[in-house]
Amino acid sequence: MESCLFCKIAAKQIPARIVHETDRILAFEDIAPKAPHHILIIPKEHFASFNELPAEKGALLAEVLMTARAVARERGIAESGYRIVLNTAPDSGQEVFHIHFHLLGGRRMSWPPG
Ligand code: 5GP
Ligand code: ZN
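Residues numbered from 1 in each chain as written. Chains lettered and ligands numbered in written order. Predicted model: local features only at pLDDT ≥ 70, side-chain atom pairs only at ≥ 80, totals over all residues. Heavy atoms only, no water.

Trainee: Which parts of the structure should I look at to understand the packing of aromatic side chains?
Mentor: Think of a pair of aromatic rings as described by two things: how far the centres are apart, and how the planes are tilted against each other in angle. One pass over the structure, following the stated rule, counts one aromatic pair. A ring pair is formed by Phe 6 and Phe 28, whose centres lie 5.3 Å apart and whose planes are at 80°; its orientation type is edge-to-face. Residue Phe 6 is found in helix H1 (residues 5-10), and its partner Phe 28 is found in strand E2 (residues 25-29); the two are separated by 22 residues along the sequence. Relative accessible area serves as the criterion here: at 2%, Phe 28 is assigned to the buried category. (Phe/Tyr/Trp six-rings, centres within 6.5 Å; stacked < 30°, edge-to-face > 60°. Helix = DSSP H or I, 4+ residues; strand = E, 2+ residues; numbered from the N terminus. Buried < 20%, exposed > 50% of the residue type's maximum accessible area, 1.4 Å probe, protein only.)

Below is the structure:
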């Protein structure tokens with residue numbers, strides 16, 4: 001999608017600190033980290049949010065999630081703990097409308113989220 005920020009990052013039209021990449025998935029550092037480790041994991045294919053993801057894309061979604069877990073392991077936070085967040089639609093705080101998971105870790109997090 002031409003106007004989408006994360007599509008532009010996936011196409012390398014906008015730079016990002018890439019952590020992991022396959023032909024379907026990209027993981028990169030969040031530009032404004034909310035924790036010592038804050039990585040965004042996206043499918044390169046554009047879906048505005050989880051609400052728009054077709055059910056038949058379940059395998060792609062699993063791949064994105066498994067990438068988040070692999071990055072947590074690589075960063076050494078798998079055992080200390082991490083949070084994976086999928087903001088969906090305005091009340092969640094979603095600001096970029098290309099589906100993405102946040103991987104957050106490296107500090108103690110509170111619950112419930114604000
Ligand atoms: P959302 O609120 O949509 O769930 O999260 C969007 C995230 O994208 C935010 O954490 C924000 O800091 C991050 N972000 C926004 N613009 C950019 C950018 O240009 N590059 C990178 N790497 N992250 C961005
Ligand atoms: Zn997009």
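Trainee: Mind showing me how you'd approach the coordination of the zinc ion (ligand 2) here?
Mentor: Four donors placed tetrahedrally around a metal ideally meet at 109.5 degrees, and six donors placed octahedrally ideally meet at 90 or 180 degrees. Donor atoms from the polypeptide that bind the zinc ion (ligand 2) are Cys 4 (SG), Cys 7 (SG), His 46 (ND1) and His 98 (ND1), placed at 2.0 to 2.3 Å. Metal-centred angles of 106 to 116° between the four donor atoms at the zinc ion (ligand 2) mark the site as tetrahedral. Between consecutive donor residues of the zinc ion (ligand 2), the sequence gaps follow C-x2-C-x38-H-x51-H. Of this pair, Cys 7 sits in helix H1 while His 98 is found in the loop between strand E4 (82-85) and strand E5 (101-105), placing the two residues 91 residues apart along the sequence. No difference in accessibility class separates Cys 7 from His 98, as the two residues are buried. (Donors = N, O, S within 2.8 Å, 3.2 Å for Na, K, Ca; no water. Tetrahedral: all angles 85-135°; square planar, octahedral: opposite > 155°, others 65-115°.)

Trainee: So what exactly am I meant to see when it comes to the pairing of strand E3 (residues 37-43) here?
Mentor: Residues in a regular strand point their side chains to alternate faces of the sheet. The buried fraction of E3 amounts to seven of the seven residues, a majority that puts the element mostly inside the structure. Side chains His 37, Ile 39, Ile 41 and Pro 43 project from E3 onto one buried face, and the interleaved His 38, Leu 40 and Ile 42 project onto a second face that is buried too. Bridge count for E2 against E3 is five bridges, and the pairing is antiparallel. Residue pairing across strands places Leu 26 opposite Ile 42, the latter belonging to E3. (Pairing = 2+ DSSP bridges.)

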